[in-house]
Amino acid sequence: MLRFRSSSLDIQLSYSIRLLSRVPPPRSSAGLPVRALITVHMAAAVVAATLGSVAIVFEEPHVGLADSYRALVREFVGAGEPLVPFVLAIPADDFGEFLRRLAACARGEGLPPGFVPHSTYWLVNDGEVVAVSNLRHELTDALRREGGNIGYGVRPSARRRGFATVILGRTLEPARQRGLGEALLTCAKTNVGSVRAIQHNGGELTSEEFIPERGEVVQRWRIDLSSGVR
Ligand SMILES: CC(C)(COP(=O)(O)OP(=O)(O)OC[C@H]1O[C@@H](n2cnc3c(N)ncnc32)[C@H](O)[C@@H]1OP(=O)(O)O)[C@@H](O)C(=O)NCCC(=O)NCCS
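If you're wondering where the values come from, they're calculated on a predicted model, not measured in any experiment. (Residues numbered from 1 in each chain as written. Predicted model: local features only at pLDDT ≥ 70, side-chain atom pairs only at ≥ 80, totals over all residues.)

A. Just the sheet that holds strand E7 (residues 216-224), in detail. Spatially, three strands are ordered E5-E7-E6 in an open sheet, and the strand pairing comes out antiparallel. The open sheet terminates on both sides in strands that have one partner only, identified here as strand E5 (182-188) and strand E6 (204-211). Each strand of the sheet is rotated relative to its neighbour by a mean of 20°, with strand direction disregarded. The pairing of E6 with E7 spans seven bridges and is classified as antiparallel. (Pairing = 2+ DSSP bridges. Helix = DSSP H or I, 4+ residues; strand = E, 2+ residues; numbered from the N terminus. Axes fitted to C-alpha atoms, helices over the stretch in contact; angles between N-to-C directions.)

Here's what the structure looks like:
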């Protein structure tokens, strides 16, 4: 399992635990200004209220939850939805081979032409894979137009519980660790859930464009990664 240094969500969750256990938060932990503390504290209340649980793990794919992951993909297929992020389309019958392929993708090995190195992460809630994210380590012109740095998808049966907001927030941390100063997110204008998740993570709308191949307006959002806590 990956261990990341404290992120804004870790702080939110630690505050959630404090809220749930009615322990008052410290006045200036993490050296945050008072206004930021208040913001974080309020965000924690939202996270706590939305998730109702803090048994959430952000980790790299592993064989221990192969069946849960396969069930997530089956839900997308059963719902007739596009496989987002695109790595959901990688065959996972042979899970060892699947994991080796993801690891190679993260090292930039064996990629199809035009693809950049990318890493995949899971969000696990109570032992089930509820969401998957994919971090593109760099951008191409094609990704700048559509695709961006990060894609994510939430298991259909686990939606509207805040998991998109959480997995996006958590994926910003490895992005920051890779030296990205900002993350580009793209999203259909009509995808309200995704737009809200981006906004919750500090996204600023930078442009929007009608993409004829998709027949819809795609928005581009920027998330500043230069500070650890927004
Ligand atoms: C879009 C998607 C990721 C949202 O996942 P989610 O876990 O349901 O999102 P969240 O629970 O974090 O919701 C964030 C906010 O959007 C709202 N929301 C989520 N889905 C919504 C919907 N279909 N309609 C209206 N609001 C929605 C939530 O209520 C929440 O509202 P809040 O601002 O009051 O907190 C999920 O529907 C999905 O996987 N879709 C298919 C793949 C996809 O579109 N990925 C994104 C590509 S850009």
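On we go from here.
B. Just unusual backbone geometry, in detail. Residue Pro-85 is bonded to the preceding Val-84 through a cis peptide linkage, with omega at 0°. Within the element layout of this structure, Pro-85 appears in the loop between helix H3 (66-78) and helix H4 (95-107). You will see that Asp-126, though not glycine, has its phi angle at about 50°, which is positive. The phi dihedral of Arg-160 falls on the positive side, at around 60°, and the residue is not glycine. Here Arg-160 lies in the loop between strand E4 (150-154) and helix H6 (163-177).

C. Region of the structure containing the site of the ligand. For the ligand, the set of nearby residues contains 20 residues, the closest of which are Arg-159, Ala-164, Thr-165, Gly-193 and Arg-196. Those elements that provide at least two residues to the shell around the ligand are E4, H6 and helix H7 (192-200). Tallying contributions element by element places H7 first for the shell around the ligand, with five residues. Across the shell around the ligand, the residue classes break down as eight nonpolar, seven polar and five charged. (Near = placed C-beta within 6 Å. Nonpolar A, V, L, I, M, F, W, Y, C, P; charged D, E, K, R; others polar.)

D. Geometry of H3. Here H3 is 13 residues long and its end C-alpha atoms lie 18 Å apart, about the 18 Å a rise of 1.5 Å per residue gives. Contact partners of the buried residues in H3: strand E3 (128-136). Trailing H3 by a residue or two, Gly-80 shows a phi angle of about 70°, which is positive. (Expected span 1.5 Å × (residues − 1). Contact = placed C-beta atoms within 7 Å.)

E. Structural context of the nonpolar core. Core analysis: the largest hydrophobic core is formed by 35 residues, its most contacted members being Leu-123, Ala-131, Phe-163, Ala-164, Ile-167, Leu-168 and Ala-183. A total of seven residues in this core trace back to one element, the largest contributor, which is H6. Discounting residues that sit within four places of it in the chain, Ile-167 has contacts with Phe-58, Leu-123, Ala-131, Ser-133 and Tyr-152. (Core = buried A, V, L, I, M, F, W, Y, C linked by C-beta atoms within 7 Å. Buried ≥ 20, exposed ≤ 12 C-beta atoms within 10 Å, placed from the backbone.)

F. Fine view of the sheet that holds E4. The sheet built from four strands is open, its strands ordered E1-E2-E3-E4 with antiparallel pairing. On the outer flanks of this sheet lie strand E1 (56-59) and E4, each paired with one strand and no other. Averaged over neighbouring strand pairs, the angle between their axes works out to 15° when direction is ignored. By the bridge criterion, five bridges tie E3 to E4 in an arrangement that is antiparallel. Bridge pairing links Val-132 to Gly-153 in E4.

G. Geometry of the packing of H6 against H7. Two numbers describe how H6 lies on H7: the axes approach to 9 Å, and their chain directions differ by 45°. On the basis of their axis angle, the class for H6 and H7 is oblique. For the crossing formed where H6 meets H7, the hand is right-handed. Seen from H6, the contacting residues are Ala-164, Thr-165 and Leu-168; seen from H7, they are Gly-193, Ser-194, Ala-197, Ile-198 and His-200. Its residues placed into classes, the contact of H6 with H7 shows four nonpolar, four polar and no charged. (Parallel < 35°, antiparallel > 145°, perpendicular 65-115°, else oblique. Left-handed = near helix turned anticlockwise from the far one by under 90°.)

H. Just H7, in detail. Restricting attention to buried positions, one finds in H7 the residues Ser-194, Ala-197 and Ile-198. Along H7, the residues classed as buried sweep out an arc of 100° about the axis, all on the same side. Taken together, the buried residues of H7 touch H6, E5 and E7. Positioned one or two residues after H7, Gly-202 has a phi angle of 85°, which is positive. (Arc of directions from axis to C-beta.)

As far as function goes, none of this settles anything; it's purely spatial.
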